[in-house]
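# Per-entry structural report
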Amino acid sequence: MAQQRSASPGYRWVVLAVGAVAQGTNAAVFLGLPAITPQLRAHFGLSLPQVGMLLGAVNLGTMLTLVPWGAAADRRGERLVMAIGGFGAAGCLALAAVDGPVVAGLALVGVGLFGASVNAASGRAVLTWFPARRRGLAMGIRQTATPLGAALAAAVLPVVALRAGVPVAFLALAGFTAFVAVAVALWVREPPWAVRAGGGRHGVVLKDPALIRLSAASGLLVVPQFTAAALMVELLHDHRGVAVGLAAGLFAAAQVSGGIGRLVVGVWSDRAATRVRPLKALSVLIAIGFALCAALDRAPVWALVCALVPTAALALCWNGVAITAAGELAPPGRTGIALGMQNTANYLSATVTPPLAGLVAVGIGWPAALLVAAAAAVGARVLLAVPFAARELAPELP
């Protein structure tokens, strides 16, 4: 009976729910730990650059293993890959609670190495279970879990770290990560029509010109996304004199709006029966938005805010549709490695964008940093100009 239920089309919503929670939990580590930067510095006795290296350790581990985890999901299925990755990440988070910045740094690299399993495998699960006419919405829901998980961690972790200490904060993340890994092991199943990859031929996917262009375009769209994420509060507070609480509130509003936008864009792509057309339109709108913000650098603050908040929200909207497009471009049985390839470009760009944008803002000026973000969006639009031929991953379901 349980096997019959797990084979029914309605079971896809269970898989989506578990995948979204796993994605949000991964984001709580990757994007939530910076919320306790002051406590990490005090606990480990680190300088600001040193704590930046500590936090970047998760990202380093993730970039190294996205493609291998995707290939493993194609061959062995999402359940095994996500469960192993989840339990491994939980163990490394527990190890990070041991005193000592070196141990914590190595442990956080391990968190990224294991946690990367969620990015490719949960996306493969959602794309395989859902028919094309609903994939945009489904992936939008999955991707919305990323800012929600980060926001929840940013609200809870500082309280835990202040009241109980940094080691307890790491242990809390470890406990919840292990809990989600158990949920994955219990409830994530493949549908009967899932295609497993055979041995070899991964290089064919990695050399696919369409996937390379899509991954490069995604990486370029991360530049405006993380420029806004890293610099919006600094721009409003330090550069334009907005109170830090108000600046943070405006940033939160942009994040929430962007999360909702991922759902809207997903539905848009489903109804238009195309993923690339929304990506093209968003690339243009993001470029215009950042160029307008650069032009309004010295305008009245209210005018800058009216342009910056929706622009920052737009810079978040594209992610789910781009991941869906990567999955639909993949050959049958190679979805995981395609998603790993696309996510690697995203994480690489997310790593280099904040420091580079900061250097441009300090060395040349804020308008220049905003114009670099606009130029990256234009570059993405150019890469998306060549037509893409998407393939279906699963039959249309009732």
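In the annotation of an unreviewed UniProt entry, the entry for the protein reads Sugar phosphate permease, and the organism field reads Saccharothrix texasensis. UniProt annotates the protein under Subcellular location (unreviewed entry) with the comment "Cell membrane".

## Describing the overall build of the protein
Looking only at helices and strands, one finds 16 helices and 0 strands in the protein. In terms of its C-alpha atoms, the protein occupies a principal-axis envelope of roughly 60 × 50 × 35 Å. Taking all 398 residues of the protein together, the buried fraction comes to 55%. At a minimum sequence separation of 6, the contacts of the protein that also span at least 24 residues come to 84%. Of the roughly 15900 Å² of accessible surface on the protein, a fraction of 73% belongs to carbon and sulfur atoms. Taking the average location of the 27 positive side-chain charges in the protein and that of its 12 negative ones, the two points are 6 Å from each other.

## Considering the packing of helix H2 (residues 12–30) against helix H8 (residues 166–187)
In contact at an axis separation of 10 Å, H2 and H8 are set at 160° when each is read in the N-to-C sense. Classed by the angle they form, the pair H2 and H8 counts as roughly antiparallel. In this structure, H2 crosses over H8, and the sense of that crossing is left-handed. Contact residues: H2 offers Val 14, Val 15, Val 18, Val 21, Ala 22, Thr 25, Ala 28 and Val 29, while H8 offers Leu 173, Phe 176, Thr 177, Val 180, Ala 183, Val 184 and Trp 187. Residues that form the contact of H2 with H8 fall into these classes: 13 nonpolar, 2 polar and no charged.

## Topic: the environment of Ala 295
Residue placement: Ala 295 occurs in helix H12 (residues 276–295). Accessibility expressed as a relative area gives 63% for Ala 295, which makes it exposed. Considered as a pair, Ala 295 and Ala 377 are 82 residues apart in the sequence and their alpha carbons are 17 Å apart.

## Some thoughts on the pattern of salt bridges
Under the counting rule described, the total for this entry stands at 7 salt bridges. A salt bridge links Glu 328 to Arg 135; the nearest nitrogen and oxygen atoms lie 2.8 Å apart. With Glu 328 in helix H14 (residues 319–329) and Arg 135 in helix H7 (residues 132–164), the pair connects residues that are 193 residues apart, well separated along the chain. Its relative accessible area of 5% is what places Glu 328 among the buried residues. Given a relative accessible area of 0%, Arg 135 falls into the buried group.

## Some points on the packing of helix H10 (residues 209–239) against helix H16 (residues 366–383)
Where H10 meets H16, the closest approach of the two axes is 8 Å, and the angle between their N-to-C directions is 160°. The pairing of H10 with H16 is recorded here as roughly antiparallel in orientation. Considering the relative orientation of H10 and H16, their crossing is left-handed. Of H16, the residues touching H10 (which contributes Arg 213, Ala 216, Ala 217, Leu 220, Leu 221, Val 223, Pro 224, Thr 227, Leu 231, Glu 234, Leu 235 and His 239) are Trp 366, Ala 369, Leu 370, Ala 373, Ala 376, Ala 377, Gly 379, Ala 380 and Leu 383. When its residues are assigned to classes, the contact of H10 with H16 shows 16 nonpolar, 3 polar and 2 charged.

## A closer look at helix H15 (residues 335–363)
Spanning 29 residues, H15 covers 42 Å between terminal C-alpha atoms, matching the ideal 42 Å at 1.5 Å per step. Along H15, the sharpest kink reaches roughly 35°, centred on Thr 353 and followed within four residues by the proline Pro 354. One or two residues past the end of H15 sits Gly 365, with phi positive at roughly 145°.

## Some words on the nonpolar core
With 69 residues, the main nonpolar core has Met 232, Leu 236, Leu 279, Phe 290 and Trp 318 as its most contacted residues. Among the elements that line this core, the one with the most residues is H10, at 12 residues. There are two domains that each give this core at least three residues, and those are domain 1 (10–187) and domain 2 (202–385). Excluding its chain neighbours within four sequence positions, the residues that come into contact with Met 232 are Thr 227, Leu 250, Phe 251, Ala 254, Leu 308, Val 309 and Ala 312. Listed in part, the 28 residues of the second largest apolar core include Val 29, Leu 40, Cys 92 and Phe 170.

## Describing the domain arrangement of the protein
One widely used convention gives an interface's size as the accessible area the parts lose upon coming together. When cut into domains, the protein gives domain 1 (10–187) and domain 2 (202–385). Once you take the C-alpha centre of each, domain 1 and domain 2 turn out to be 21 Å apart. Contact residues are listed per partner, giving 30 residues for domain 1 and 29 residues for domain 2. Taken over both partners, the interface formed by domain 1 and domain 2 buries close to 2400 Å², and the fraction arising from carbon and sulfur atoms is 65%.

## Looking at the environment of Pro 131
Here Pro 131 shows up in the loop between helix H6 (101–129) and H7. A C-alpha to C-alpha distance of 10.0 Å links Pro 131 and Asp 270, two positions 139 residues apart in sequence.

## What about unusual backbone geometry?
Look at Ala 273: it is not a glycine, yet its phi comes out positive at around 55°. Counting through the fold element by element, Ala 273 comes out in the loop between helix H11 (244–272) and H12. With relative accessibility at 68%, the residue Ala 273 sits in the exposed group.

Cut-off values and rules
- Residues numbered from 1 in each chain as written.
- Predicted model: local features only at pLDDT ≥ 70, side-chain atom pairs only at ≥ 80, totals over all residues.
- Heavy atoms only, no water.
- UniProt positions renumbered as here; feature names shortened; annotations may be inferred.
- Helix = DSSP H or I, 4+ residues; strand = E, 2+ residues; numbered from the N terminus.
- Buried < 20%, exposed > 50% of the residue type's maximum accessible area, 1.4 Å probe, protein only.
- Contact = heavy atoms within 4.5 Å.
- Areas by Shrake-Rupley, 256 points an atom, 1.4 Å probe, with all protein chains shown as cover.
- Lys, Arg positive; Asp, Glu negative; His and termini not counted.
- Charge placed at Lys NZ, Arg CZ, Asp CG, Glu CD.
- Axes fitted to C-alpha atoms, helices over the stretch in contact; angles between N-to-C directions.
- Parallel < 35°, antiparallel > 145°, perpendicular 65-115°, else oblique.
- Left-handed = near helix turned anticlockwise from the far one by under 90°.
- Nonpolar A, V, L, I, M, F, W, Y, C, P; charged D, E, K, R; others polar.
- Salt bridge = Lys/Arg side-chain N within 4 Å of Asp/Glu carboxyl O.
- Expected span 1.5 Å × (residues − 1).
- Bend = angle between axes of the 7 residues up to and from the residue.
- Core = buried A, V, L, I, M, F, W, Y, C linked by side-chain atoms within 4.5 Å.
- Domains from an automatic or database assignment.
- Buried area = accessible area lost by both parts, 1.4 Å probe.

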